[in-house]
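Coordinate analysis (summary)
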Amino acid sequence: MKVQKHHWLIVLSFIGVFILAVVFFRNAQIQSGFLGLPTVPCFDVTKPTTQSYTLHISISVNGKDYPLAATIGHDPGNCLRVVHTEDASGLVYVETNDHVTYTLQNLFQVWRKTFTAAQFDSYQADNGHILSVYLNGKLQRDMVDTPLLPNSIIEVVYQ
Amino acid sequence: MRIKRRLILAVGGAAFMTVLFLFMAPGASAHEAYVLTARQFDAGLNVFAKNPFAPLVDSAHLATFLWTALAVLVSYILVFLWSASKPAEILDRIVRKAKIIGPLIIRMAISTSFIYAAMSNAILGPELSLSLVPYSIVIRFLLFLVGFMVLFGVLIELAALIALAMFIYITFTFGVYMATYANYFGEIIVLLLFGSRYLSFDRLILGKDLWVKKFERFKWLETPIVRILYGVALLYAGYTIKFLHQQLTVDVYNEYHLVNFFHATAAYIAAGAGVAEMLIGLFIILGFAMRWTVIISLIFITLSIFYFRELLWPHLMLYGISFSLLINSGDRWTLDAKIVPWFRRLLKRKVFPSPVE
């Protein structure tokens, strides 16, 4: 009986939480925040270094330079991720205690930027926009798995 | 007039929950490093310990293990002595007055856990990535929807039904590992059967009555369901992570150089932590020295957050259940409900006999 009497309140409150869920969902789909498990370990200075090299990564969005952050991989609590930057020049350092080949996806995970075949940060590939990745000038089919190789040049282009 | 009062309560409740949610936000995202990476976690799950008890009873650690066990035993005896005292009885009555907020705390915990999990593209825990689940985009949206429905108390039973369907659905992906999250299952069942009307829009719309009125007489089962399934989750996690796949705990110990803190081998600490977690789980299932056991578990949880810089949001549920159990301790299915009154009578008879006798 009460349900019939206040049915408008049920509808209203449900619409309220539904809208809230939609807003948060849309935001989460495009936001750069990442609170899950990192897939890239911390570099342990007490263990032997098995890989140590640099490579260059540049990103351009609609023809404009999109610089890498200077503190990628410098996580709080004395953790330096094995994939990291030291400045905003685009130079990426790979220093590891393992023999794993890290990928472009790993860099973006550490940076906490969304990076899929169809999206970089909040830029989505759609009818009018294309997202592409070049490794040493060669177009990569599997963009997210582009390996971070020594002395290589990687370009991420969104236009 | 009544509807106006209920409206004020519902809106006030929503505002209160929003403030709490916002208050938790910085904390939940501050701890970004989890103990192990996904790769290390998967690798650890493939290593099975041959004799996980061995480090506890080897010649180097046996004495320490026995002294620790004795200290724990003495603490539990002291707790029972305290429980039988008059001040403890008075304190118990005061704490129980807050029992109305027990379900509210749990509602807050489960809703924020769902919302933060959705933000992290995970479900229930950070290691259960939604990227492994088919149709994850739908699940992610539903996590937000269910989270907000429960947070503001809008059609809570329906939200719980959706949550239950999600739990069953993701079990097809993660299998028996989902036993680690049996505490969520317990919460969802309780919300499905009994709702949570205090400070909710449901109270305003539906009143106090449950959707199925017959469930009213089973409402006393709320706490036992939550308690037992929480205990099962701890017991399972303690057994699998710290015993069956002891390498995981050993990796954490080595990664954080905890030898500088504990001055013992990784295997001994892993086995000791496993025994502690399983005993805590078992005591919670049995309802044995509930408040003391829950306080010990809270100390463990808090230390792990601060020491390992673990993510906060996966622990919100554990805090919620723990605080709820601290308030609603000693339901009729606990050993405490049997032992404490007996102990009280025994002490009165033997230690403080009445002058008439």
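This text goes with the structure placed above it.
These notes cover the structure that comes with them. From a predicted model like this one, the values you see are computed outputs, not experimental measurements. (Residues numbered from 1 in each chain as written. Chains lettered and ligands numbered in written order. Predicted model: local features only at pLDDT ≥ 70, side-chain atom pairs only at ≥ 80, totals over all residues. Heavy atoms only, no water.)

**A look at the overall build of chain B**
Of the regular secondary structure elements, chain B holds 17 helices and two strands. Among the 357 residues that make up chain B, the fraction classed as buried is 50%. Restricting the contact set of chain B to residue pairs at least 6 apart, pairs at least 24 apart contribute 79%. (Helix = DSSP H or I, 4+ residues; strand = E, 2+ residues; numbered from the N terminus. Buried < 20%, exposed > 50% of the residue type's maximum accessible area, 1.4 Å probe, protein only. Contact = heavy atoms within 4.5 Å.)

**Comments concerning empty space enclosed by the protein**
Residues and elements named next belong to chain B. Taken as a whole and assessed by the stated rule, the structure comprises three cavities of 30 Å³ or more. Lining the second largest cavity, in full, are Ile110, Ser111, Phe114, Val146, Val150, Ala159, Ala160, Ala163, Ile188 and Leu191. Those elements giving two or more residues to the lining of the second largest cavity turn out to be α6 (102–119), α7 (136–152), α8 (156–174) and α9 (182–194). Class assignment for the residues of the lining of the second largest cavity results in nine nonpolar, one polar and no charged. (1 Å grid on protein atoms, 1.4 Å probe; cavity = no way out; pocket = protein on both sides within 12 Å on 5 of 7 lines; lining within 4 Å. Points joined across faces, edges and corners; volume = space filled by probe spheres on them. Nonpolar A, V, L, I, M, F, W, Y, C, P; charged D, E, K, R; others polar.)

**What about the sheet that holds strand β8 (residues 119–120) of chain A?**
Residues and elements named next belong to chain A. What the three strands build is an open sheet, ordered β7-β8-β9; its pairing is antiparallel. A single partner strand is all that each edge strand has here, and the edge strands are β7 (115–116) and β9 (123–124). Pairing between β7 and β8: two bridges, direction antiparallel. Bridge pairing in β8 links threonine 116 to glutamine 119. (Pairing = 2+ DSSP bridges.)

**Description of the packing of aromatic side chains**
A ring pair, where both rings are aromatic, is described by two values, the distance of the centres and the angle of the planes. Enumeration according to the criterion identifies 26 aromatic pairs over all chains in this entry. Aromatic ring contacts, followed pair by pair, group Tyr66(A), Phe108(A), Trp111(A), Phe115(A), Phe120(A), Tyr123(A) and Tyr158(A) into a single cluster. (Phe/Tyr/Trp six-rings, centres within 6.5 Å; stacked < 30°, edge-to-face > 60°.)

**Structural notes on the pattern of salt bridges**
All names here are of chain B. Applying the stated criterion across every chain, the model contains four salt bridges over all chains. With its nearest N and O atoms 3.1 Å apart, the salt bridge here joins arginine 96 to aspartate 92. Residue arginine 96 and its partner aspartate 92 are located together in helix α5 (residues 86–96), separated by four residues, close to a single helical turn. Note that aspartate 92 and arginine 291 form a salt bridge whose closest N and O atoms lie 2.7 Å from each other. Note that aspartate 92 is positioned in helix α5 and arginine 291 in helix α15 (residues 290–308), a separation of 199 residues in sequence. Linked by salt bridges that have partners in common, Asp92, Arg96 and Arg291 make up one network. (Salt bridge = Lys/Arg side-chain N within 4 Å of Asp/Glu carboxyl O.)

**Observations regarding the pairing of strand β1 (residues 51–61) of chain A**
Residues and elements named next belong to chain A. Residues of β1 alternate between two faces, with Gln51, Tyr53, Leu55, Ile57, Ile59 and Val61 buried on one and Ser52, Thr54, His56, Ser58 and Ser60 left unburied on the opposite face. Here six bridges tie β1 to strand β6 (residues 91–96), and the two strands are oriented antiparallel to one another. From the neighbouring strand, serine 52 faces β6, where its bridge partner is glutamate 95. Pairing between β1 and strand β12 (residues 153–158): six bridges, direction parallel. Paired with serine 58 across the strands is glutamate 155, a residue of β12.

**Some details on a positive patch on the surface**
There is a patch of like positive charges on the surface, built from Lys86(B), Arg93(B), Lys97(B) and Lys348(B). Among the structural elements, Arg93(B) can be located in helix α5. (Patch = residues over 30% accessible without salt bridge, like charges linked within 9 Å, V, L, I, M, F, W, Y side chains within 5 Å. Areas by Shrake-Rupley, 256 points an atom, 1.4 Å probe, with all protein chains shown as cover. Lys, Arg positive; Asp, Glu negative; His and termini not counted. Charge placed at Lys NZ, Arg CZ, Asp CG, Glu CD.)

**Points about unusual backbone geometry**
Despite not being glycine, Asn62(A) shows a phi value in the positive range, around 50°. With respect to the secondary-structure elements, Asn62(A) resides in the loop between β1 and β2 (64–65). Even without being a glycine, Leu155(B) presents a positive backbone phi close to 50°. Along the chain, the position of Leu155(B) falls in the loop between α7 and α8. Under the relative-accessibility criterion, Leu155(B) is labelled buried at 12%.

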